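Commentary on secondary and tertiary structure
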Amino acid sequence: MASTLENEAYSPKDVFILSGQSNMAGRGGVEKHHWDGVVPSECSPDASRIFRLSAHLHWEVAHEPLHHDIDTKKTCGVGPGMSFANAIKDRVGTIGLVPCAVGGTAIKEWARGEHLYENMVKRARTSVHLGGEIKALLWYQGESDTLSQHCAETYKANMEKLIHNVRADLHLPSLPIIQVAIASGDEKYIEKIREAQKAIDLKNVVCVDAMGLQLKEDNLHLTTESQVKLGQTLADAYLTHFAPQEPCVASS
């Protein structure tokens with residue numbers, strides 16, 4: 001049975017945009033351009049509560065790898081999206097994930113007018129037209145900007161511009177943004193990028209840190225286990241800062 005759902009038949013209510021580069025797209029379990037197919041229990045599909053917006057702009061049951069039809073030039077594996085969704089599903093409504101991340105992309109490629117940015121906005125808008133409400137943007141990117149001093153020095157301004165632009169273009173001036181401070185990249189400028197990420201001081205923008213999570217042998221991508229942990233960390237940040245408070249249970 002096909003997993004794609006008719007848009008009219010089902011529409012997730014709480015939408016989360018997943019964007020950035022390869023560690024958001026997910027390389028967990030990928031070796032030599034082959035994904036091992038291992039899906040941890042924390043990343044299991046939930047056919048009644050967790051959906052994804054496909055490349056063809058249809059809702060379907062979400063399952064790993066979430067970015068298989070988005071980040072098409074590389075082999076995708078486990079990312080943080082499914083463990084994030086499973087960790088928040090008991091506190092929020094039915095979840096719609098909107099994968100947008102593409103590996104090897106620098107922040108300048110996410111500027112307004114560039115294909116990646118415009119596609120992200122288009123996909124986000126479509127999720128709203130299909131009945132969803134965007135709750136947050138999860139952003140994990142920056143490794144590609146550790147390659148030059150110029151990229152590192154301009155990262156903070158470019159990231160802040162991205163936040164302002166996406167909020168304006170989605171008409172969500174207070175859209176929650178949860179960004180990940182990178183754990184890998186060129187040693188020369190990784191700390192400058194991390195400092196820039198942690199220094200962003202805008203309303204409803206929080207930063208979680210990937211440093212310390214285990215990397216694969218390539219010293220660039222998170223392992224499957226690390227992706228699970230990152231998803232849960234992102235979930236904790238969302239539930240702490242942005243989710244509705246748990247309903248009070250009346251005492252008997």
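Residues numbered from 1 in each chain as written. Predicted model: local features only at pLDDT ≥ 70, side-chain atom pairs only at ≥ 80, totals over all residues. Heavy atoms only, no water.

On to the pairing of strand β4 (residues 50–53). With burial as the criterion, each face of β4 is covered, one bearing I50 and R52 and the other bearing F51 and L53. Bridge analysis of β4 against strand β6 (residues 95–99) gives 3 bridges, and the strand direction is parallel. Across the sheet, the residue bridging to R52 is L97, located in β6. Pairing between β4 and strand β5 (residues 59–61): 3 bridges, direction antiparallel. Residue pairing for β5: R52 is matched across the bridge by E60. (Buried < 20%, exposed > 50% of the residue type's maximum accessible area, 1.4 Å probe, protein only. Helix = DSSP H or I, 4+ residues; strand = E, 2+ residues; numbered from the N terminus. Pairing = 2+ DSSP bridges.)

The next thing to look at is the layout of surface pockets. Computed from the structure, the largest pocket encloses a volume of approximately 330 Å³. Lining of the largest pocket is provided by 15 residues; of these, R27, V30, K74, D218 and H221 occupy positions nearest its centre. Per-class residue counts for the lining of the largest pocket are 2 nonpolar, 6 polar and 7 charged. In this structure, the second largest pocket is lined by 13 residues; those nearest its centre are D69, I70, H115, N119 and R123. Residue composition of the lining of the second largest pocket, grouped by class: 8 nonpolar, 2 polar and 3 charged. (1 Å grid on protein atoms, 1.4 Å probe; cavity = no way out; pocket = protein on both sides within 12 Å on 5 of 7 lines; lining within 4 Å. Points joined across faces, edges and corners; volume = space filled by probe spheres on them. Nonpolar A, V, L, I, M, F, W, Y, C, P; charged D, E, K, R; others polar.)

Moving on to the UniProt feature "domain: Sialate O-acetylesterase" (unreviewed entry) in the chain. With numbering aligned to this structure, UniProt lists the feature "domain: Sialate O-acetylesterase" (unreviewed entry) at residues 13–239. Between the end C-alpha atoms of residues 13–239 there is a gap of 16 Å, over a span that is 33% helix and 18% strand. (UniProt positions renumbered as here; feature names shortened; annotations may be inferred.)

Tracing the chain through its elements places T224 in helix α6 (residues 224–241). Taking the relative accessible area as the measure of exposure, T224 reaches 16% and is therefore buried. A polar contact of 3.1 Å, which involves the side chain of T224, links it to the backbone nitrogen of G29. In this structure T224 touches G28, G29, P40 and V78, once residues within four positions along its chain are discounted. (Polar contact = N/O pair within 3.5 Å; in protein donor to acceptor, adjacent residues only side chain to side chain. Contact = heavy atoms within 4.5 Å.)

Attention now moves to the nonpolar core. Counting 75 residues, the largest nonpolar core has I88, L97, M120, Y140, I178 and Y238 as its most contacted members. At 7 residues, the largest contribution of residues to this core is made by α6. (Core = buried A, V, L, I, M, F, W, Y, C linked by side-chain atoms within 4.5 Å.)

Using the criterion set out here, one finds 5 aromatic pairs in the structure. Seen from their ring centres, F16 and F84 are 5.1 Å apart, and the 75° between their planes marks the pair as edge-to-face. One end of the pair, F16, is in strand β1 (residues 14–20); the other, F84, is in helix α2 (residues 81–88), with 68 residues separating them in the sequence. The burial state of F16 is the same as that of F84; both residues are buried. Each ring, one from F84 and one from Y238, has its centre 6.3 Å from the other, and the planes form 70°; the classification is edge-to-face. (Phe/Tyr/Trp six-rings, centres within 6.5 Å; stacked < 30°, edge-to-face > 60°.)

In this section: the side chain of R123. Topologically, R123 is positioned in helix α3 (residues 115–129). Buried and without a salt bridge, R123 has D69 as its closest oppositely charged side chain, separated by 5.9 Å. With residues near it in sequence (within four places) discarded, R123 still touches L53, S54, A55, L57, I70, V98, P99 and C100. (Lys, Arg positive; Asp, Glu negative; His and termini not counted. Salt bridge = Lys/Arg side-chain N within 4 Å of Asp/Glu carboxyl O.)

The next thing to look at is the pattern of salt bridges. Within this structure, the stated rule accounts for 12 salt bridges. One salt bridge connects R194 with E191, and the closest N-O pair in it is separated by 3.6 Å. With R194 and E191 both in helix α5 (residues 190–199) and 3 residues apart, this pair spans about one turn of that helix. In this structure R194 comes out as buried when scored by relative accessible area, which is 5%.

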